[in-house]
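Topology and contacts: notes
Listed here are the chains, written in short residue letters.
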Amino acid sequence: GQPTKLIINNDPNSPDRYLRYMGVIYKNPDQVFANEAAKNDQTQWEWIAANTGQSLPEGVYFINGDSTGSGDAYSTIKSKTDNANKSYSFNYPTNEAKTLTNGTEWIAFEFDASGMALPGTANKKFAVAVGEPTVDSNEKITPKFNKKELSAYVMTGLFGGAIADGYADLYDN
């Protein structure tokens, strides 16, 4: 296996994909490094798309601590979820091995070569909820969430597993 990332589109300039499109990338196994220091510097790693990605159904969005959005349900969901591990720029999908420096903004959950969640990713939660796209005063499209019964959250486990939980824990009672 190779180190892997589950990536979620975090680019509000792509309204059809923003917080709705996800994919998997993995470290280029054939990459040659100049020295040991470069080999251990993750900013130098090249990544390859494992698939062409997948969009959530229309009106369904990811929410995590870095997401923007609005609505009564959103504010309570966001306060109960943790940030994803890191944010990257990457043109996805691609058949070429590329470093994570330029392109679309992505939120990433990271796993090592054995499939275990990396320390920054383990036990992180993010929500999936039904929302409506709205345009704010800056003409930026953001989802609005109002129906808590139409949401759930996912928690990444130490061993890469994900657990879907009921929506009740996301909201203040």
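Residues numbered from 1 in each chain as written. Predicted model: local features only at pLDDT ≥ 70, side-chain atom pairs only at ≥ 80, totals over all residues. Heavy atoms only, no water.

Right, let's get into the packing of aromatic side chains. Going through the model one piece at a time under the given rule, you end up with three aromatic pairs. Ring geometry for W45 versus W47: centroids 6.0 Å apart, planes at 45 degrees, classification tilted. Like W47, W45 is buried. When the centroid spacing of 5.9 Å and the interplanar angle of 85 degrees are considered together, the rings of Y61 and F145 count as edge-to-face. With a gap of 84 residues between them, Y61 in strand β5 (residues 60-63) and F145 in the loop between β10 (141-144) and β11 (151-156) connect regions that are remote in the sequence. (Phe/Tyr/Trp six-rings, centres within 6.5 Å; stacked < 30°, edge-to-face > 60°. Buried < 20%, exposed > 50% of the residue type's maximum accessible area, 1.4 Å probe, protein only. Helix = DSSP H or I, 4+ residues; strand = E, 2+ residues; numbered from the N terminus.)

All right, on to the pattern of salt bridges then. One pass over the structure, following the stated rule, counts one salt bridge. The partner of K5 in a salt bridge is E110, and the shortest N-O contact between them spans 2.0 Å. Taken together, the residues span a long stretch of sequence, with K5 in strand β1 (residues 4-9) and E110 in strand β7 (residues 104-111) at a distance of 105 residues. There is no split in this pair, since K5 and E110 are both buried. (Salt bridge = Lys/Arg side-chain N within 4 Å of Asp/Glu carboxyl O.)

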